[in-house]
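Structure assessment
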Amino acid sequence: YGGTEPDSGVRMSTDVAMGIAAVFACARVLSETLAELPLKIHERRADGGKAPATQHPLYDPLHRQPNRWQSSFEWRDQSGLHVVLDGNAYSQIVPGPRGFVDQLIPHEPRNVTVERLPGNGSGVPGPLQYRVRLMPSGNEIIIPDDQMFHLRGPSANGAVGLSVVALARESFGLARAVQSYGSRFFGHNAMPRGILTMDGKLSDPAKTRFRESFKSEFAGPSRSHGIAMMEAGVSWQAIGLSNEDSQFLETQGFSVGEIARWFRMPPHMIGDLS
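Residues numbered from 1 in each chain as written. Predicted model: local features only at pLDDT ≥ 70, side-chain atom pairs only at ≥ 80, totals over all residues. Heavy atoms only, no water.

Overview of the side chain of Arg76
Here Arg76 is to be found in helix 4 (residues 72-86). Of the side chains bearing the opposite charge, Glu36 lies closest to the buried Arg76, which forms no salt bridge; the N-O distance is 9.3 Å. Beyond its immediate stretch of four places on either side in the chain, Arg76 contacts Ser31, Leu34, Ala35, Leu37, Pro38 and Leu39. (Helix = DSSP H or I, 4+ residues; strand = E, 2+ residues; numbered from the N terminus. Buried < 20%, exposed > 50% of the residue type's maximum accessible area, 1.4 Å probe, protein only. Lys, Arg positive; Asp, Glu negative; His and termini not counted. Salt bridge = Lys/Arg side-chain N within 4 Å of Asp/Glu carboxyl O. Contact = heavy atoms within 4.5 Å.)

What follows is the structure, given as structure tokens:
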């Protein structure tokens, strides 16, 4: 997303963002709500009413099965997830027995590049085309805009939607850093960083053996709160802030609220009742 290093030190991507509970919850609420709504094509009757247009060539692909392996719910859920996180959802339009839209084949946004072709010189922009990398082969195909259903989120240029993962990389990065910090803290068991000091001088192999022996005895949740027996002349000095000193829980709570704002999500809908 531009190659800049986030201040949090966490390089952000859609996969990393999805590992943050608040981000995953927001994305699921929005995509599943879109997917569960009825999707039927209706026709206007002469008396002013309406009726399902079951003979329309788009009725079956949209309402029942857009492709051979997905239901309408699954396809819309996936498309909604792509729009919510990446700002774009792409589905290739494939004609066939059911008509000009026989199948809608979804492509992951990370594998699609949108290109604007040159205009006619009158100031009117040219058409779009989509360069799609096929997985797992890695081969590329070019799809013209009339063969691609492109669902966009908010867009700055009208061609490509804005990625919330890219825009919110600092907020998401902070949440991920706090999550990683908590995992490491309890994974070491919460044995804080510290310094072992001793009289005299040890060789490099002896220092390595002593360090590993200390970690094997006291690091990890199953060995927390053990009693450290130091050899003669050895002492332990903890360094760094405690969880309380760094306001760990308060930072976690702030991150949840911040993420909810990025998605315009009421916090109680993702389990935050604070």
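Now that the structure has been shown, the text picks up again.
Considering the pattern of salt bridges
Per the stated rule, a full pass over the model turns up 10 salt bridges. Between Arg110 and Asp15 there is a salt bridge; the shortest N-O distance is 2.9 Å. Taken together, the residues span a long stretch of sequence, with Arg110 in the loop between strand 4 (99-107) and strand 5 (112-116) and Asp15 in helix 1 (residues 14-18) at a distance of 95 residues. Arg110 sits in the partly exposed class, given a relative accessible area of 49%. Between Arg131 and Glu140 there is a salt bridge, with its nearest N and O atoms 3.4 Å apart. Take Arg131: its relative accessible area is 29%, and that puts it in the partly exposed class.

Overview of the nonpolar core
Of all hydrophobic cores here, the largest spans 20 residues; its most connected members are Val23, Val165, Phe172, Ile259 and Phe263. Elements that contribute at least two residues to this core include exactly helix 2 (21-36), helix 4, helix 5 (164-167), helix 6 (169-187) and helix 8 (248-262). The element best represented in this core is helix 2, accounting for 4 residues. Counting 8 residues, the second largest nonpolar core, distinct from the first, contains Tyr90, Tyr130, Val132 and Ala159. (Core = buried A, V, L, I, M, F, W, Y, C linked by side-chain atoms within 4.5 Å.)

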